[in-house]
Structure formats: C-alpha cells, structure tokens
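Below are the chains, spelled out letter by letter.
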Amino acid sequence: MSNRRAGANRIRGPHSALTDFLAANNISAAQIRDDYERRQREAERDRNAGEGSAHQEQKDSSDDEDAALAQAAAEEASKKAKKRKRGEKEVIEKIKKAKAAEKAKGSKKGKKKPKRGESDEEDDDDYDDALARNMYKKAKPPPGQFEHCEICSKRFTVTPYSKDGPDGGLVCTPCGKELTKEAKAEQRAATKKPVGRKRRKVESDRLDGLTHLGSKSLQQLCIEKVAQHHNQIDSLGDLPGSVYERLSQIFSKKRVMNPKTLPVFLRPDLDKIAIDDAAYLEVDDYKQIFAVVPHVEHIVLRNACQFKDEVVEYMLEKCDNIKHLQLYAANLVTNPMWQELFRQAGPRLETIQLQWLDAAFDDDTVQDIVEHCANLKRLKLKLCRRITEETVKLIPRLARLVHLSLQVSKHQEVGSESLVSLVTTNGPNLQTLSLEHFVDADDSVVDAIHYHCIQLKKLRISENDYITDAAYEALFTEWQNPPLIFVDFNSTRCLEENEPAQAIGLASKSFAALMNHSGSALKHLDIASCRHISKACFMEIFDGATQYPDLEYINISFCNSVETTIVAGIFKSCPALKQLVAFGCFDVTHVVVPRGIALIGMPTAQDAIEQYGMGIGVEEAIGRMVAVTG
Amino acid sequence: MRDVKAGSSEYITLVSNDGFEFKIQRSSACISGMIKRMLDPNGGFSESTTNVCKFSEINGIVLEKVCEYFYYNEKHKDSRDVPDMDFPPELCLELLMAADFLDT
C-alpha cells in the first residue's frame, strides 16, 4: 500500500544558516512561534478575568475584600494554568497575576488607561521571557522523527497522536495510553455520577420509605462502600450482628450474594443467619453455612432455590439449636424430607415461615408439623400451592400459636366454618392474625374474632368481598381487645360496579369504629381499595383535631373519595406520620408536604410520584395548601 | 442565649489511639450518639468537663474521616439528593467499626 516513509513527504522550508543551526540543536522556530501565540491568547483571557475582578475591587471600599478577590483571581488564573501541565508556565503566570493584583489593589478609582499601559509592559515581558525560555526548552520533534519517551525512555516514532508527557516532552504510545487512562479516572472521580443512574437510586430509596433529608449515616455509607467492593473483602472482623444483617441485605439487593462473598458473613459465634436472596448459592454453600455456624438459632433463607434434601440432612446433623426457620422458595425439598425435618427438629422449633412452595409440601406435611412441633409459636404459610382447607382444620391443634399468617392459593376453597373453628380455638392466644385472600370467609369469622381474640396486636383481613360493613363495625364496637397496632384491610370491598345494597367490606361505619377503638395506639393503617368509605367519614376521622399520636404509615390508595382537604387533615391529625401512600386518589392535588413525611403516588404529571417534605412544619404546609385550593 | 458554663465550649477535642487530636465543633460532633452522651453534662462522664474524648480503638486516619463525615453531615443537613462522601475502600471496614461504635 503506502510504502512511503512518514517523513518522505515533509515539506522543507528555506535553508539558512540560522535554521540549520536551530535544527541541529533541535529547536524549531515554528514551534516557538506557535507556543508564544498560544500563550498570548491564554494570558489575555486570564488577564480579562483578572481585570473583571479588579474592576469589582474598585467598587468595593474595604481593603480586606480587595485582597480576598485579588487572591481569588490569582488562584483562579493559576488553576487554569496548572491544567496545562507545564511546570514553568505556572510559576510565570502566578508571578504575573500577583503583580497585577498588587497593582490593581493599589490603584485608585478610574485608573483604567494606565492599567492598559501596564498590561502592555507585561505583554512585552511575557514575550521576552517566553521566547528565551523556549529557546532553551526541548522542542517537540515533528511527526516522523524518532524520539525518546519521557517516562520509559524507549525510542519510538513521533506521530500526530503522540501525547504530551508531564514535563513537556513526548511519550510513547503505551505510556500515552496509561496517561489518558489516569486522566480519565481522575475526571470520573471528580465529576458526579451520571444523573440518570443516581436519580433512579434516590427514587428507589424513597419508594423503600427511607426519606433522605440530609445525608446518609456513616454506617450506611460504609456498608454501601463495602458492597461496592465486595470482591476484595475477605472477612468482616468483629462487627456486631446487626451490621452483618444490614450488609447481607445490601449484598442481596445488589445481587452479589454468591459463593465467593458468602464466607464473609459466616462467623462461628453468630446466632442468626439472614440471606435475603440466596439464589446464587448452591448445595455446598448451604452446607458451608451450617458447618461454620453450627450453633445458629435463627435461619432466614429467601429465594433458597437450591436448598435440597441433602442440605436438610446436613442441617439436621450439624445444627441442633435451630429455633426459627424461614425458608422461601425451597422447592427442591421433597415431602419425605420435610417430614424428617419436622420429626427431628420439630420439638425445638418455635417459628416456621414458609412461602412459595409449589412442588411439594401439602396437607400431610402440615400434619407432621402439627404432630411434632408442639412448641410452635409463629406460623406463616403463604403461597403454598398444595395446601387446602385441611390445613386450616389442622392448625387449631397447635395450642401455643401466637402469630398466625395464612394465605392459601386462589384455587382452594376454604369455608368459613374451618376459619371459625380456627379462630375459636387459637383466638385467645393470638397476637397476630393475618388471613389473606380468603374469599369465602363471611361475617361469622369476624364475629368469632370479636368474641375470642383478646390479645391481638396485628390484624389483617384482605381481599375479601363477602364480609359486610356491619360485621366489621360489630367487631370494633366494645371489643375486649386492646387497641391494635397494625391494621390491614386492603381490598375489602364489593367487586361489582354498582353500589351494593348493604355496604361490603371496610366502609364508613366500620372505619369510624376501627379508629375509635384503635386510634390511640395504631401505627400502621392500610385501607387501600376500601372504596366504600365516604368522604364525610374521612373528614370526620381526620379532622385535624383528633390526634393519632403513633400513626406512622397510612395507605389510602384507590379510595376515590379522598381529596386534598382530607390529606391536610391527615397531616394535622397524625404528628408522627412518616409515609402516606395515596395511589389513585384523583382528587388530591397541589399538596405541600411537611417536613419528614413522604407522600407517594400523586397522580398528576406535574407532581413527582413521590414527594417528600421540605423543611417546613405542618401548620405552614396546610396554610399553603389552603391558599392554593381556596 | 450563649451558655457560659464550663461544659459548653463550642469546640471539643477528639483524640485517637495514636495521639492525633482533632478539634471540631460540638454541634457537628454530637451527630454521633456516643459522643453526645459522653459530653452530656448530666451523663456524669469526665469528658463533659474536659471536653476531650479519647478513643482507644480508633486510629488517627479513621478518626480524621469521621470528623470529615461530621462536617459533611452538618453541611448537608437540610438538602436533598446529597452526594455521598468519598473515602478510600481500604479504610472502609475500620470506618464501619468506628461508625458502629460511635452510633453515627
């Protein structure tokens, strides 16, 4: 192709004795001229910046400010100079600026012309200095010539792409690449993260309910940094268990909980192992957990997909202290193995929480639980596809049950009688009762709760369109139970379009009764989709005067009757409010959110989907809202 | 109302285990629950009178970063979308232990 050498088509200018001499001493006149002109332009620019601030000095009268501004100008100019990596340059510029600043400081008002004169002098000085300096400086050889790399002293061919070295000479290609890499790394460290990625993270945090007014805690920052550098961590040392748990949560969230990072979390003296996403862990990793931490009492493994029979065997062999077991999605464990597990470990177990079991785990397995786990206090069976009404009938035999959470599959029919007998038997002991998606449950269940449950703290009945408003009202009227702390009645409403003859689900009367009964102690209130609650009812309950001192979380999504005044009332009535979720409330507009509250789900396009409180108090926020809505 | 009691000077001193001393504002340091309690005049600790807190498990480099965090936190107290403070990853674990100890 091109077998012309790089230097072959170089244009040669006139030869004179001077140019020959310069060339022989590796000085290029053209180079000098270019450098000088470039420097002129830059100096001019800097001087304009310096003059700009100098004019401002003349306007101010105090000397201190003059000095400060001059200093700032000098610093700014010197900063610009530094970027150009010419060591001598910086010094010259600094001196010039300091001189200019001194002169400017001393000058009285209106002395513009003499300043120009001074600049001219400085021009000349500059020119002389620069020319002299460049005469003795090593000139850059033009492309095609050989040159020694400044960094590694290797010989290489100069090309138009050769990079400048730190002292003004040229560097070879590999060193040049390294320099650009370093420069880029510096740049990236200096600038902020791209706006899109950071905003998404901030929004994700907000939707998690963490309102970040101000900076994160130092622990949080460190934990995130550790998660970022998870590859390089060998062990966590002597940190308390809570830090381990938080760290494992973040690792799981970032999907870096894998066989390599797992050992970091295993310490022989831990009594709780909690892994929120064990999807990457295999059989050997589970075995490792039990080998390293044999005295573990509390096991939480979510998304434990590879948790197989042999792991259960190993666990039973090694760990004889397990009291609390939470396994989500452990679908590879077979029924006989479940039976073995409950037979051997049953008497010790106090907590069993199982979710997402499709392949195995049916009524017979529950039979085993009931037979062997006499001490069971906490039972959660959700989304286990094979269990039927039989399970509900078996549970009453667990006499010590304190916390019960059930959700059977959509396709199973569970009649009210079994639920009633369940509540009747276990009711007096229960502190938590959560019955999700029991579509066939009717008023008798709620009646049973009223009569038999006297210690409940947490109550959830959701996704039911059968139980009537009257029944709920009866539940909360003159109920022996102390005020509830956690209430969730989401999606209890009529599924048909027209208003039913008799109010279904949690409607106005029962909501009023609920707040009457539990308002003083309630922390968490979820009434999403309870669309039969009327506006008048909301206004009466959240009227701003009645105070609900502990209420921190409210979910009123899809309650169409809610509007802005009600939200204002909520802000006023709930001094401890942290989060208000209101998706699908189309009459709520122009909300001004007070300090410390996160409002999630605003429908209008102008409002952000989550807004959270600026630094204003509740009174002021309400005042502003009233002014807007009139 | 400026308090002229001996125990409420505006600046306090934090001392690391290798002898480095850091003088920082009281308001910034009290972001740490532990330091706040140490300096509380009602707490009965001697630090409340001397205004000097000695930490025998935290070394100078880590303590310096901690002080930097205190000022960073106070500076961004009321703003949102605060950029994270930068620190070298090697320091991370010791800093985490210190943060946990200081409850900050």
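Everything numeric in this text was worked out from a predicted model, so none of it was measured.

J.: I'd love a proper account of the sheet that holds strand E1 (residues 11–15) of chain B, names of residues and values included.
T.: Residue and element names in this part refer to chain B. Spatially, 3 strands are ordered E2-E1-E3 in an open sheet, and the strand pairing comes out mixed. Each edge of the sheet is formed by a strand with only one pairing partner; in this case those strands are strand E2 (21–25) and strand E3 (52–54). The sheet shows a mean angle of 25° between the axes of neighbouring strands, taken without regard to direction. The pairing of E1 with E3 spans 3 bridges and is classified as parallel. Its bridge partner lying in E3, Leu14 is registered against Cys53.

J.: How would you sum up unusual backbone geometry? Please name residues and give values.
T.: Residue and element names in this part refer to chain A. Although it is not a glycine, Ala329 adopts a positive phi angle of roughly 65°. Note that Ala329 resides in the loop between strand E5 (324–328) and helix H12 (335–345). Accessibility expressed as a relative area gives 15% for Ala329, which makes it buried. Despite not being glycine, His590 shows a phi value in the positive range, around 50°. With respect to the helices and strands, His590 occurs in the loop between strand E14 (579–581) and strand E15 (598–600).

J.: An account of the pairing of strand E10 (residues 458–462) of chain A is requested, with residue identities and associated values reported.
T.: Residues and elements named next belong to chain A. Among the 5 residues that make up E10, 4 are buried, leaving the element largely enclosed by the rest of the structure. Once you follow strand E9 (residues 432–436) into helix H16 (residues 443–452) and on to E10, the crossover reads as right-handed. Bridge analysis of E10 against strand E11 (residues 486–488) gives 3 bridges, and the strand direction is parallel. Along E11, the bridge assignment pairs Leu459 with Val487. Handedness of the β-α-β unit built from E10, helix H17 (residues 469–476) and E11 comes out right-handed.

J.: Explain the pattern of salt bridges residue by residue, including any values.
T.: Residues and elements named next belong to chain A. What the rule picks out here adds up to 17 salt bridges over all chains. In this structure, the salt-bridge partner of Glu436 is Arg460, at a minimum N-O distance of 3.9 Å. Of this pair, Glu436 sits in strand E9 while Arg460 sits in strand E10, and the two are 24 residues apart along the sequence. The pair formed by Glu436 and Arg460 is uniform in burial state, with each residue classed as buried. A salt bridge links Arg460 to Asp488, with the nearest nitrogen and oxygen atoms 2.8 Å apart.

J.: Which residues make up the packing of aromatic side chains, and what are the values?
T.: Residue and element names in this part refer to chain A. Applying the stated criterion across every chain, the model contains 12 aromatic pairs over all chains. When the centroid spacing of 6.0 Å and the interplanar angle of 15° are considered together, the rings of Trp338 and Phe342 count as stacked. In this pair, Trp338 and Phe342 are both assigned in helix H12, 4 residues apart and thus about one turn of the helix distant. The exposure classification of Trp338 matches that of Phe342, with both residues buried. With centroids separated by 5.4 Å and ring planes inclined at 85°, the aromatic side chains of Trp338 and Phe361 adopt a geometry described as edge-to-face. One end of the pair, Trp338, is in helix H12; the other, Phe361, is in the loop between strand E6 (351–357) and helix H13 (363–372), with 23 residues separating them in the sequence. An identical accessibility class is assigned to Trp338 and Phe361; each is buried. In textbook terms, an aromatic cluster arises when at least three aromatic residues are bridged by ring pairs, as seen for Tyr472, Phe476, Trp479 and Phe489.

J.: An account of the side chain of A:Gln355 is requested, with residue identities and associated values reported.
T.: Residues and elements named next belong to chain A. Within the secondary structure, Gln355 sits in strand E6. Overall, Gln355 belongs to the buried group, its relative accessible area being 10%. When neighbours within four sequence positions are excluded, Gln355 is seen to be in contact with Leu327, Tyr328, Ala329, Lys380, Lys382 and Leu383.

J.: Before we move on, can you summarise the environment of A:Ser508 with the specific residues and values?
T.: With respect to the helices, strands and loops of the structure, A:Ser508 is situated in helix H18 (residues 508–518). Along the backbone, A:Ser508 and A:Asp469 are 39 residues apart, and their C-alpha atoms lie at a distance of 7.9 Å.

J.: How would you sum up the side chain of A:Ser252? Please name residues and give values.
T.: All names here are of chain A. Looking at where Ser252 falls in the secondary structure, it is placed in helix H9 (residues 241–253). With a relative accessible area of 6%, Ser252 lands in the buried category. Engagement of the side chain of Ser252 in a polar contact is seen with the backbone nitrogen of Asp277, the distance being 3.2 Å. Ignoring sequence-local partners within four residues, the contact set of Ser252 consists of Met257, Ile275, Asp276 and Asp277.

J.: Account for the confidence of the model for chain B, with residues named and values stated.
T.: All names here are of chain B. Within chain B, residue pLDDT values average 82, and 90% of them lie at 70 or more. Averaged over each element, pLDDT in chain B is lowest for helix H3 (residues 47–50) (83) and highest for E2 (91). In this model residues 1–7 is a low-confidence stretch, pLDDT under 50, and it forms 5 contacts with partners more than four residues away in sequence or in other chains. Model confidence for the complex is summarised by a pTM of 0.64, with the ipTM given as 0.87.

J.: Which residues make up the packing of H12(A) against H13(A), and what are the values?
T.: Residue and element names in this part refer to chain A. At a closest axis distance of 9 Å, the pairing of H12 and H13 adopts a crossing angle of 5°. Overall, the two elements H12 and H13 adopt an arrangement that is roughly parallel. Where H12 approaches H13, its residues Asn335, Trp338, Gln339, Phe342 and Arg343 are matched on the opposing element by Thr365, Asp368, Ile369 and His372. For the contact of H12 with H13, the per-class residue count stands at 3 nonpolar, 4 polar and 2 charged.

What counts, and at which threshold
- Residues numbered from 1 in each chain as written.
- Chains lettered and ligands numbered in written order.
- Predicted model: local features only at pLDDT ≥ 70, side-chain atom pairs only at ≥ 80, totals over all residues.
- Heavy atoms only, no water.
- Pairing = 2+ DSSP bridges.
- Helix = DSSP H or I, 4+ residues; strand = E, 2+ residues; numbered from the N terminus.
- Axes fitted to C-alpha atoms, helices over the stretch in contact; angles between N-to-C directions.
- Buried < 20%, exposed > 50% of the residue type's maximum accessible area, 1.4 Å probe, protein only.
- Right-handed = clockwise from strand over helix to strand, strands pointing away.
- Salt bridge = Lys/Arg side-chain N within 4 Å of Asp/Glu carboxyl O.
- Phe/Tyr/Trp six-rings, centres within 6.5 Å; stacked < 30°, edge-to-face > 60°.
- Contact = heavy atoms within 4.5 Å.
- Polar contact = N/O pair within 3.5 Å; in protein donor to acceptor, adjacent residues only side chain to side chain.
- pLDDT = per-residue confidence, 0-100.
- Parallel < 35°, antiparallel > 145°, perpendicular 65-115°, else oblique.
- Nonpolar A, V, L, I, M, F, W, Y, C, P; charged D, E, K, R; others polar.

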